[in-house]
Amino acid sequence: MGDARTLPRKVLLGVTGGIAAYKVPLLVRALVKAGADVQVLMTPAAHDFVSPLVLSTLSGKPALTELVDRNDGTAVWNDHVHLARWADVLLIAPATAHTLGKMAHGLCDNLMLACWLSAECPVYIAPAMDLEMYRDLSVAGNIAALKKRGVRMIGPETGELASGLIGEGRMTEPDDIVAALVAGLKSGSALAGKRLLINAGPTQEAIDPVRYIGNRSSGKMGFALALEAATRGALVELVAGPVTLKAEHPGIHRTDVVSAAEMAEACKKLFTAADLAILSAAVADWRPATVAGKKLKKKAGMEALALEGTEDILAWMGANKRKGQRLVGFALETNDGEAHAREKLKRKKLDLIVLNTLGEPGVGFGHDTNQVTLIDKGTAARHLPLMSKADVARAVLDRCETLLSNA
Ligand code: CTP
């Protein structure tokens, strides 16, 4: 699987004071390798078992312990509300009996517990303790109370414990914790197991063996959509024009094409099996009517370049879609965006159209950010603020989940 980005999420990792904390450096490595952005929070007791320097270095961010860090007379507040809102996932590993008790009873005497109380994201605990402690009725009661609140358990496993006893209480191994988080992203997603066709990037229309007509699309938006869909468990067919990007997920099968005709051929073939198609590629609208077999000589001068239209892939899909199949298009407009996008939505028989308006800073071709408006048949247009293309992909796919649930 190599460096597959199966967990492109912001993870708050709470580390508590148990012997299993010696495995946390490996856990941080496994999370980062899976594509996670990790912020470590430590309880004061965790410092006895693992070095904050190691965790800061591996995560690339200072491991935080105190609500207020006091250095040389200056004080810095580690804002627990902001940290909790930043996170997509809160993972507490290892979770000791003491921390589980405090979590179950709303006690809040450290930064990590303040983040837990503020968190609205999914919360996972990987308990680790000796078997008698794990069997204790009060611990079992605390875990039951946390599960009732929606906290998800990872482990503990049965095996040799630090005490030398054999039994239940071992923290789940780092790679298996990552696998549980990845599985958690898929469970409950309407995209899990669905077949998605996504196209991305520009096309190039040859003039001669050297020259072509192209456009400025980087493919970043389409690749972000493919990664997010695969993260949610979709089986993604990604048809990419000439781009320099990598599709880093085992759930993505990629087909590379160059011209609009190749893009059309590949997409039309894959459309039959798709539950949902998202056409984000900037397909050329015109191509040279004839392609010179040899490089055109400058001296001969350029005659007027005769162009002919390419096939509109999206319109073809709209005309040929079967019942229950969902179709999402993109529209790039410079003026009267919403009116043009609504007209395209209707004409091309789309379920959703994503409108980009060029001209704003940070928007469109080549940027890592985008600002879009989501428009469908029934509801009012939803204007999203400027955000990363990864976050735009999440918003678009949230809408697609609703479309598929109603299919
Ligand atoms: N598209 C396509 N095939 C083409 C051209 C465009 O599938 N040959 C798709 C794009 O992938 C995008 C949508 O159509 O999802 C919108 O493309 P756009 O160029 O904005 O719309 P057009 O229908 O070409 O309208 P116009 O050029 O008049 O704005």
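Residues numbered from 1 in each chain as written. Predicted model: local features only at pLDDT ≥ 70, side-chain atom pairs only at ≥ 80, totals over all residues. Heavy atoms only, no water.

Draft legend 1. Molecular detail of the site of the ligand. Around the ligand, the structure places 16 residues, and the nearest of them are Leu 279, Ala 281, Phe 330, Lys 344 and Lys 348. Residue Leu 279 places a main-chain N or O atom 2.6 Å away from an oxygen atom belonging to the ligand. For the ligand, a nitrogen atom lies 2.9 Å from a polar atom in the backbone of Glu 311. Considering the ligand on its own, with 580 Å² of exposed area, one finds that the protein chains cover 77% of that surface. Only helix 11 (313-320), strand 18 (326-333) and helix 12 (337-347) provide two or more residues apiece to the shell around the ligand. The biggest single contributor to the shell around the ligand is strand 18, with three residues. (Near = heavy atom within 4 Å. Polar contact = N/O pair within 3.5 Å; in protein donor to acceptor, adjacent residues only side chain to side chain. Areas by Shrake-Rupley, 256 points an atom, 1.4 Å probe, with all protein chains shown as cover. Helix = DSSP H or I, 4+ residues; strand = E, 2+ residues; numbered from the N terminus.)

Draft legend 2. A look at the nonpolar core. By size, the foremost hydrophobic cluster in this structure holds 35 residues, and its most contacted members are Leu 196, Ile 198, Leu 225, Val 236 and Ile 278. Only strand 10 (195-200), helix 9 (220-231), strand 13 (235-240), strand 15 (276-279), strand 18, strand 19 (352-357), strand 21 (372-376) and helix 13 (389-405) provide two or more residues apiece to this core. Of the residues forming this core, the biggest block, eight residues, is contributed by helix 13. Contact partners of Ile 278, with chain neighbours within four places excluded, come to Leu 197, Ile 198, Asn 199, Leu 225, Val 328, Phe 330, Leu 397 and Cys 400. Ranked by size, the runner-up nonpolar core spans 33 residues in total, among them Leu 27, Ala 34, Ala 126 and Leu 185. (Core = buried A, V, L, I, M, F, W, Y, C linked by side-chain atoms within 4.5 Å. Buried < 20%, exposed > 50% of the residue type's maximum accessible area, 1.4 Å probe, protein only. Contact = heavy atoms within 4.5 Å.)

Draft legend 3. Quick peek at the sheet that holds strand 21. Spatial strand order, 14-13-10-15-18-19-21-22: eight strands in an open sheet with mixed pairing. Two strands lie at the open edges of the sheet, namely strand 14 (252-256) and strand 22 (382-383), each paired on one side alone. Note: strand 10 against strand 15, four bridges, orientation parallel. Note that in strand 15 the partner of Leu 196 across the bridge is Leu 276. Those strands touched by helix 11 are strand 10, strand 15 and strand 18, and its axis lies near 150° from that of strand 18. Of the strands in this sheet, strand 18, strand 19, strand 21 and strand 22 are in contact with helix 12, which crosses strand 19 at around 150°. (Pairing = 2+ DSSP bridges. Axes fitted to C-alpha atoms, helices over the stretch in contact; angles between N-to-C directions.)

Draft legend 4. Molecular detail of a negative patch on the surface. Together, Glu 157, Glu 168, Asp 175 and Asp 176 line one region of the surface with negative charge. Checked against the element boundaries, Asp 175 lands in helix 8 (residues 174-186). Overall, the relative accessible area of 57% leaves Asp 175 in the exposed class. (Patch = residues over 30% accessible without salt bridge, like charges linked within 9 Å, V, L, I, M, F, W, Y side chains within 5 Å. Salt bridge = Lys/Arg side-chain N within 4 Å of Asp/Glu carboxyl O. Lys, Arg positive; Asp, Glu negative; His and termini not counted. Charge placed at Lys NZ, Arg CZ, Asp CG, Glu CD.)

Draft legend 5. Representation of unusual backbone geometry within the structure. Along the chain, Ala 93 connects to Pro 94 via a cis peptide bond; the corresponding omega equals -5°. Position of Pro 94 relative to the elements: it lies in strand 5 (residues 89-95). Between Gly 155 and Pro 156 the backbone carries a cis peptide bond, its omega angle lying at 0°. Tracing the sequence through the fold places Pro 156 in the loop between strand 7 (152-153) and strand 8 (157-160). If you check the backbone angles, Asp 336 has positive phi at about 45° while not being a glycine. Positionally, Asp 336 belongs in the loop between strand 18 and helix 12. The backbone of Lys 349 shows a phi angle near 55°, a positive value even though the residue is not glycine. Within the secondary structure, Lys 349 sits in the loop between helix 12 and strand 19.

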